[in-house]
Amino acid sequence: MSPLMKQFLLLFVIAFTSIAVAQENPDLSQKLNVDFLQLDAEVSIFPRAESVSGNTLFKVQILNSIDSLFIDAKKMEFSEVLVNNIKAKYSNDGTRIWIKNKFKKGTNYEVSLSYKAKPTRAMYFINWDAPKELEVTKQVWTQGQGRDNSNWIPSLDDLTEKLLINLRVNFENGYEVVANGILQEKVSLNDSITQWKYKMDHPMSSYLMAIAAGDYSYRSLESATKVSLSLYFQSKDSLKFEPTYRHSQKIFDFLEKEIGVAYPWQNYKQIPVQDFIFSGMENTGTTIFSNTFIIDSTAFNDENYVFVNAHELAHQWFGNMVTEKNSQNHWLHEGFATYYAWLAEKEVFGEDYYYWKLFQSAEQLKELSDSGKGESLLNPKASSLTFYQKGAWALHMLKELVGKENFDTAIKNYLNNNAYSIVTTENFIEEVEKASKRSVDSWVQDWLHQSAFQGSEALESLQRSAFIKDYMGVAALRETPFSIKKELLSKALTKPINEYVGQEAIFQISGENSPAAIDLYKKAFASNNIMLRQAIAVSIDKIPLELKSDFFSLLKDESYITIENALLKAWLQFPEETAYLLEQTKDVQGFQNKNVRLLWLIINLVSPEVDPELSKAYFNELSQSTSKYLPSGLRQNALGYLYQLNAFTSDNLKDLLSCAQHPNYRFKNYCTSLLDQLLLKEEYRLQYAELHDTLNSTDKEFLTKKLEN
Ligand SMILES: [Zn+2]
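What you see is a predicted model; the values in this text were computed from it and never measured. (Residues numbered from 1 in each chain as written. Predicted model: local features only at pLDDT ≥ 70, side-chain atom pairs only at ≥ 80, totals over all residues. Heavy atoms only, no water.)

With that settled, consider the overall build of the protein chain. Helix and strand counts for the protein chain stand at 28 helices and 23 strands. Expected size for 709 residues packed as a compact globule is a radius of gyration near 27 Å; at 29 Å, the protein chain falls within 12% of this value. Burial analysis of the protein chain (709 residues in total) assigns 53% to the buried set. Put simply, the protein chain shows about 31700 Å² of open surface, and 51% of that area lies on carbon and sulfur atoms. If you average the places of the 73 positive and of the 89 negative side-chain charges in the protein chain, the two averages end up 4 Å apart. (Helix = DSSP H or I, 4+ residues; strand = E, 2+ residues; numbered from the N terminus. Rg over C-alpha atoms; globule rule 2.2 N^0.38 Å. Buried < 20%, exposed > 50% of the residue type's maximum accessible area, 1.4 Å probe, protein only. Areas by Shrake-Rupley, 256 points an atom, 1.4 Å probe, with all protein chains shown as cover. Lys, Arg positive; Asp, Glu negative; His and termini not counted. Charge placed at Lys NZ, Arg CZ, Asp CG, Glu CD.)

Before going further, it helps to spend a moment on the pairing of strand β17 (residues 216–222). Sheet analysis places β17 next to strand β18 (residues 228–234), joined by seven bridges and oriented antiparallel. Bridge assignment links Y216 to a residue of β18, and that residue is Q234. If you look at the hairpin formed by β17 and β18, you'll find five residues sitting between the two strands, and K226 has a positive phi there, around 75°. (Pairing = 2+ DSSP bridges.)

Split into domains, the protein chain comes out as domain 1 (34–214), domain 2 (320–329 + 365–461) and domain 3 (625–709). Taking the mean C-alpha position of each, domain 1 and domain 3 sit 35 Å from one another. (Domains from an automatic or database assignment.)

For the zinc ion, every protein donor is listed as H311 (NE2), H315 (NE2) and E334 (OE), and the spread of their distances is 2.0 to 2.1 Å. Taken in sequence order, the residues that donate to the zinc ion follow the motif H-x3-H-x18-E. Of this pair, H311 sits in helix α6 (residues 306–315) while E334 sits in helix α7 (residues 331–349), placing them 23 residues apart in sequence. A relative accessible area of 4% means that E334 is categorised as buried. (Donors = N, O, S within 2.8 Å, 3.2 Å for Na, K, Ca; no water.)

A few words now on the pattern of salt bridges. Tallying each qualifying case throughout the model produces 27 salt bridges. Between K59 and D40 there is a salt bridge, with its nearest N and O atoms 3.8 Å apart. Of this pair, K59 sits in strand β2 (residues 51–62) while D40 sits in strand β1 (residues 34–46), placing them 19 residues apart in sequence. Among the residues examined, K59 registers a relative accessible area of 27% and is labelled partly exposed. Residue D40 is classed as buried on the basis of its relative accessible area of 16%. For D72, the salt bridge goes to R96, with nearest N and O atoms at 2.9 Å. Linking D72 in strand β3 (residues 66–72) with R96 in strand β7 (residues 96–103), this pair joins segments that are 24 residues apart in sequence. The two residues D72 and R96 agree in class, both being buried. Linked by salt bridges that have partners in common, E258, K399, K404 and D408 make up one network. (Salt bridge = Lys/Arg side-chain N within 4 Å of Asp/Glu carboxyl O.)

Across all of its chains, the model carries 50 aromatic pairs by this definition. With centroids separated by 6.3 Å and ring planes inclined at 50°, the aromatic side chains of W331 and W443 adopt a geometry described as tilted. Of the two residues, W331 is situated in helix α7 and W443 in helix α12 (residues 441–449); the sequence distance between them amounts to 112 residues. W443 sits in the buried class, given a relative accessible area of 4%. Here W393 and F453 contribute two aromatic rings whose centre-to-centre distance is 5.9 Å and whose plane-to-plane angle is 80°, an arrangement assigned as edge-to-face. Residue W393 is located in helix α9 (residues 384–402), and its partner F453 is located in the loop between α12 and α13 (455–462); the two are separated by 60 residues in the primary sequence. (Phe/Tyr/Trp six-rings, centres within 6.5 Å; stacked < 30°, edge-to-face > 60°.)

Right, let's talk about the state of the cysteines for a bit. One pass over the full model with this rule turns up one disulfide. The partner cysteine of C659 in its disulfide is C671, sulfur to sulfur 2.0 Å. Judged by the sign of its S-S torsion, about -115°, the bond between C659 and C671 is left-handed. You can see C659 sitting in helix α25 (residues 650–659) and its partner C671 sitting in helix α26 (residues 665–679), a full twelve residues away along the chain. Note on C659: relative accessible area 0%, which makes it buried. Residue C671 is classed as buried on the basis of its relative accessible area of 0%. (Disulfide = S-S within 2.5 Å.)

Time to look at helix α17 (residues 515–527). An α-helix turns once every 3.6 residues. As a result, residues three or four positions apart point the same way. In this model α17 runs 18 Å from its N-terminal to its C-terminal C-alpha over 13 residues, within 8% of the 18 Å that 1.5 Å per residue would give. All of the buried residues along α17 are A517, I518, L520, Y521, A524, F525 and S527. Against α15 (482–492), α16 (499–509), α18 (530–539) and α19 (548–553) lie the buried residues of α17. (Expected span 1.5 Å × (residues − 1). Contact = heavy atoms within 4.5 Å.)

Glancing now at the side chain of T137. Looking at the secondary structure, you find T137 in the loop between β9 (123–126) and β10 (139–142). Of the polar contacts made by the side chain of T137, one reaches the side chain of Q234; its length is 3.4 Å. Ignoring sequence-local partners within four residues, the contact set of T137 consists of I126, N127, Q234, K236 and Q274. (Polar contact = N/O pair within 3.5 Å; in protein donor to acceptor, adjacent residues only side chain to side chain.)

A separate point is the confidence of the model for the protein chain. This prediction gives the protein chain a mean pLDDT of 95; 97% of its residues lie at or above 70. The low-confidence segment residues 8–22 (pLDDT under 50) makes two contacts with residues lying over four places distant or belonging to another chain. (pLDDT = per-residue confidence, 0-100.)

Bringing the pairing of β3 into the picture now. Strand residues, when the strand is regular, have side chains that alternate between the two faces of the sheet. Summarising burial for β3: five of the seven residues are buried, a large majority. Where β3 lies against β7, six bridges are found, and the strand directions are antiparallel. Bridge assignment links S68 to a residue of β7, and that residue is K100.

What follows is the structure, given as structure tokens:
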């Protein structure tokens, strides 16, 4: 064949292949041919029927003439499909609706869809089937990420398609309804339904759309730059409002200043919801977070909302204002949000705290890396540990490399030059090199491409903190005999005490009971430092008699971790003090999962001599904690204790069936494995068989399948 002919054929093959690719890949061809500009939607939510219906009006611009376009719509029914107000032909394959029309290049169209759906993902209906007399939390909330919002509203799963979205939500009266954007007005549609009209003024990806509805109140703050911050809470939690949202305004003002670009949306709302699948989700201007973060002042010392609060807020720039082109660039979301959250925590809790976080995550990353499982930050399938923490580490190292001023300039330009648009890692690197006037190739190689974690570089950076040096000095003594290191440990417990160094010293005393060790414990107790005292409660094996009264004093500490550990250990070692120990802790509930209260009930139940006439009431309280209307953390804790007691009632067995089908997959997995354990035993198989006829149809079907296995 002549070279020319060969070349001709080659061209032909290439041309043919690209047509074939375009035909096979409707996402790509739609991307090239259609620009979605705006979505105006009216969504009616029917929480008791767990269904939605609505109308969506899409404004689209046609870039190249086509004869159909699609909109993602999972398991929806359509009653009317119009293009420019004229009925259009369409096909619906259960995942997408294809609208057929001669769409002409350079022309704008309005595509309107009337739909209904019964979403099983992305929109969750909490407790609407509860009997009226039960006062339980009733909510509806959405979770769009990954690509799930098309389960409740026709929309674009492609996260690079950004459009202006205005939601009008119709919901029964008596509830607060929140969605992205600014609330323009509330209109009463009839005696029982109110329409909530929200409006956005910048485009966003569909996965960031959100609705939350429930029995909420809110308080509004204003940022230093006059952005309205609305903090939602349920009326029953009003006393927990302050500790839950502590430092919110400081975090907002700090991040806006540190990032150097004005907060990109009209307002910022935060809404806690029950049984949330994650810690938080950064929907545009509308963060939804788990109500396990609704805490009192005592719990604040143990685990609080500060990190998640800052992380989701940082996403409003990193992820929402500039959005990754694909998951190869996912660290541009999670690494950045984590890094800026660490900086916000540094502002709130101080520099040692920041270095402590860096240190802890370096330990985890090093372990992963040493086990051969290290991942490149650009690996689209990397783990959360890599995207979040290695990503944050990469930024920490980059800032050290180019200096804070250049780093900050790069961040500002990266955001401003790509505002409301799509970004890649190259966009960011380009700005860094421009601002710092140098190449960062070696950083790109070591921190983005390399799968191993750069342990020695990280260590060098950590050693800039005097506190980390001290800490490592003490941690290095772990294998040293106590008699040799006792002076050094004593120094770590002498004021001014660093909590982390002091805790490390206490962990190293564990198992010692010499007079010198007891002296150190005494010193730590007397410090009145909550975290040191917590370290004693968690790590001590055997409580020396000389420390008994000090140890009992832990029951009054401002930490639910301390109280739970102290109660359990004191009771195990001094059963003769049971009545006293229970009296000391009778009013403590603990976290949302009632960690202290349930333990208290259990101790009562196995010590009937203390309060014989109340045993039944205590058992009922424990047993009722598995109810399907309660928060999943509490239910899980109660189910775990009932398993240990081997005391499931038929109601508990029913509750276990419902939780094994729960939308929160972590909780569901826990319940499924517990149920599987029970079904290995003949007695429980029989009990379930007896229950069969009293179950609702969903549970019946589920159980039948389980029993067949
Ligand atoms: Zn995140």
